Amino acid sequence: MERKRIYLSSPTMHGKEQEFVKEAFDTNWVAPLGPNVNEFEKELAGYVGASHAAALASGTAAIHLALKLAGVKEGDIVFVPTLTFSATCNPVVYEKAIPVFIDSETDTWNMSPEALERAFEKYPHPKAVIAVHLYGTPAKLDEIMDICKRHDTVLIEDAAESLSSVYKGKQTGTFGKFGIYSFNGNKIITTSGGGMLVSEDGDMIQKARFLSTQARDPARHYQHSQIGYNYRMSNVIAGIGRGQLLSLEEHKRKKKEIYQRYQTAFSDIEEITMNPLHPDGDANCWLSCMTMAEGCKVKKDMVLDALEAENIECRPIWKPMHLQPVFEGCDFITLCQGGKSVAEDIFDRGVCLPSDIKNTDEDMERIIGIIRELYV
Ligand SMILES: *Cc1c(COP(=O)(O)O)cnc(C)c1O
């Protein structure tokens, strides 16, 4: 008999989402504008403590517009962490700018401030820096912000994975000039697909709304003096988002419970280390990850094979961008001389564990049992 499928991170709906969607239908606001869009922007901005927000079709679209608003143009350099999902850096290439990849540090797995400093020595005038809070763990923002400030460079925070994570009392995504969130199907809250751009700069967010709706100049006829995009969030989708936002804290609590459960369950296995949580932060634990010690008899693929054989979804750590065929030839800044970079080492030894908040106690026991079995 096929065993019940266990997911990495799948959507969890509660019913309130449908009420907002129904309202959109009942009032015929089935369009890329409407009350849900406006309210979702206000409610999300209120939750994270940002002054302004623009609801968009995806997190990728939000990164793209952030880069445009930061003035990134053809030939400009943008510093991006290598250990991330490709959507962080693809928009750099949409603008024909050049991504330079930065290695991770071991404390949070995020962009190493030391390597970032080194990158500025080699390329003194990048147009922007994108920081990512991988798997929900805040990056070393104090250090990164200080470096960006000293070099007078715009910081964009890709908080796609870290909505609700807090760094030193403040929500991730609100430290940079721009912050972006994603509501893709696997994120901590989802609208099936969607994103948000936040900033303290209201003019910039107004400009983002303008660019996201085909850049229509104020005129009776369709008049355009810039290239626009069709990046606005629909009012139906925004209704899902408003409903999901009401459960964000609950989702975070459950994600953290999952992490703690794994941590406790593997605490006696010396070869297993869980992904780091920032000591000055409160991570949302979007995905729980484990690494196996160097030279351990249990290899990454053995864990992946064992879980997949039991119909349990799992995934390697994101493969670093500087190792991706599509980014071959891009520069990579690391402090490691010879041997493996920090990001590659994490990739080689790391696995994302099922972190679905609908996992039952029994599901968690099944997953943990399968992994423990490999270590006996
Ligand atoms: C999911 C994700 C994105 C992209 O968000 P979409 O809404 O899917 O476009 C960007 N960056 C990171 C780090 C992500 O995990």
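As a convention, each chain's residues are numbered from 1 in the sequence order in which they are written. In keeping with the predicted nature of the model, local features appear solely for residues at pLDDT of at least 70, side-chain atom pairs appear and are counted solely at 80 or more, and the whole-chain, interface and lining totals rest on all residues. The side-chain numbers reported here are obtained from all heavy atoms of the structure, hydrogens and water having been left aside.

(A) Quick look at the site of the ligand. The ligand sits among 15 residues. The nearest are T60, D158, E161, S182 and K187. Within the side chain of T60, a nitrogen or oxygen atom sits 2.4 Å from an oxygen atom of the ligand. We call a residue near a molecule or strand as soon as one heavy atom of that residue lies within 4 Å of the molecule or strand. The term polar contact refers here to a pair of N or O atoms within 3.5 Å; inside protein, the definition further demands a hydrogen-donor-capable atom paired with an acceptor-capable atom, and it admits residues adjacent in sequence only when both atoms are side-chain atoms.

(B) Representation of the packing of aromatic side chains. In this analysis, rings of Phe, Tyr and Trp, with Trp reduced to its six-membered ring, are considered paired at centre separations within 6.5 Å, and the interplanar angle assigns stacked below 30 degrees, edge-to-face beyond 60, and tilted for intermediate values. Tallied over the entire structure, the rule returns ten aromatic pairs. Counting every residue linked through ring pairs, the aromatic cluster contains W109, Y135, W286 and W318. Charge-over-ring contacts are defined here by two conditions on Lys NZ or Arg CZ: a distance within 6 Å of the ring centre and an angle within 35 degrees of the ring normal. When the ring centre of F347 is taken as reference, the NZ or CZ atom of K300 above it lies at 3.8 Å.

(C) Broad picture of the sheet that holds strand β1 (residues 52-56). At least two bridges found by DSSP between two strands are what make those strands a pair. Numbering of helices and strands runs from the N terminus; a helix is a DSSP stretch of H or I covering at least four residues, while a strand is a stretch of E covering at least two. Strand order in the open sheet formed by eight strands is β1-β9-β8-β5-β4-β2-β3-β14, with mixed pairing between adjacent strands. Each edge of the open sheet is held by one strand with a lone partner, namely β1 and β14 (332-333). Relative to strand β8 (residues 178-182), strand β5 (residues 154-158) is paired through three bridges, and the arrangement is parallel. For E157, the partnering residue across the bridge sits in β8 and is G179.

(D) Fine view of the nonpolar core. Judged by nonpolar contacts, the single largest core of 39 residues is most densely connected at Y135, L163, Y181, F183 and M196. Elements that contribute at least two residues to this core include exactly α2 (35-48), β1, β9 (195-199), α8 (235-245) and α11 (342-349). Contacts are assigned to residue pairs that have any heavy atoms within 4.5 Å of one another. Excluding its chain neighbours within four sequence positions, the residues that come into contact with L163 are L44, V48, Y181, F183, I188, I189, L248 and N284. V72, A160, I180 and M321 belong to the second largest nonpolar core, which has 33 residues in total. Remark: nonpolar core denotes a set of buried residues (Ala, Val, Leu, Ile, Met, Phe, Trp, Tyr, Cys) joined through side-chain atoms within 4.5 Å. When accessible area is computed with a 1.4 Å probe and restricted to protein chains, residues below 20% of their type maximum are described as buried, those above 50% as exposed, and intermediate ones as partly exposed.

(E) Quick look at the packing of helix α9 (residues 248-265) against helix α12 (residues 361-374). Only C-alpha atoms enter the line fits that serve as axes; for helices the fit covers just the stretch in contact. Angles between N-to-C directions range over 0 to 180 degrees. It is the contact of α9 with α12, at a shortest axis distance of 11 Å, that shows an interaxial angle of 35 degrees. In the packing of α9 onto α12, the handedness of the crossing is right-handed. Across the interface between the two elements, I258, R261, Y262 and A265 from α9 touch D361, M364, E365, I367, I368 and R372 from α12. Throughout, the ten residues Ala, Val, Leu, Ile, Met, Phe, Trp, Tyr, Cys and Pro are labelled nonpolar, Asp, Glu, Lys and Arg are labelled charged, and all others, Gly among them, are labelled polar. Partitioned by chemical class, the residues of the contact of α9 with α12 number six nonpolar, no polar and four charged. Handedness of a crossing is defined here by the sense of rotation of the near helix relative to the far one, left-handed for an anticlockwise turn of less than a right angle and right-handed for a clockwise turn.

(F) Main features of the side chain of H322. Its place among the elements puts H322 in the loop between β13 (315-316) and β14. At 2.8 Å, the side chain of H322 forms a polar contact with the side chain of T82. The residues touching H322, leaving out its near neighbours within four places in the chain, are T82, F101, F332 and S341.

(G) Helix α5 (residues 113-122), seen in detail. Every buried residue belonging to α5 is among P113, A115, L116, A119 and F120, and all of these are buried. One side of α5 holds all its buried residues, which, seen down the axis, span an arc of 160 degrees. Of the surrounding secondary structure, the elements contacted by the buried residues of α5 are β2 (77-81), β3 (98-102), β4 (128-132), α6 (141-150) and β14. Within this analysis, the arc is defined by the directions that extend from the helix axis to the C-beta atoms.

(H) Spatial organisation of the environment of G195. Considering the arrangement of structural elements, one finds G195 in strand β9. Once the C-alpha coordinates of G195 and L277 are considered, the two residues, 82 residues apart in sequence, prove to be 24 Å apart. Residues in contact with G195, not counting those within four places in the same chain, are A54, A55, L56, A57, S58, G59, Y181, S182, F183 and M233.

(I) Region of interest: the pattern of salt bridges. For this document, the term salt bridge refers to a Lys or Arg side-chain nitrogen within 4 Å of an Asp or Glu carboxyl oxygen. Tallied over the full model, the rule gives 26 salt bridges. One salt bridge in this structure joins E117 and R150, with 2.9 Å as the shortest N-O distance. Here E117, found in helix α5, pairs with R150, found in helix α6; they are 33 residues apart in sequence, far enough to count as distant. In this structure, the salt-bridge partner of R261 is E365, at a minimum N-O distance of 3.4 Å. Of this pair, R261 sits in helix α9 while E365 sits in helix α12, placing them 104 residues apart in sequence. R261 gets classed as partly exposed once you look at its relative accessible area, which sits at 27%. For E365, a relative accessible area of 52% translates into the label exposed. A single salt-bridge network, built from bridges that share partners, covers E41, R209 and R232.

(J) Just the environment of M196, in detail. Among the structural elements, M196 can be located in strand β9. Looking at M196, the relative accessible area reads 0%, which means it is buried. Each C-alpha atom of the pair M196 and T60 lies 9.6 Å from the other, and the pair is 136 residues apart in sequence. Discounting residues that sit within four places of it in the chain, M196 has contacts with F40, E41, L44, A53, A54, A55, A62, G179, I180, Y181 and F183.

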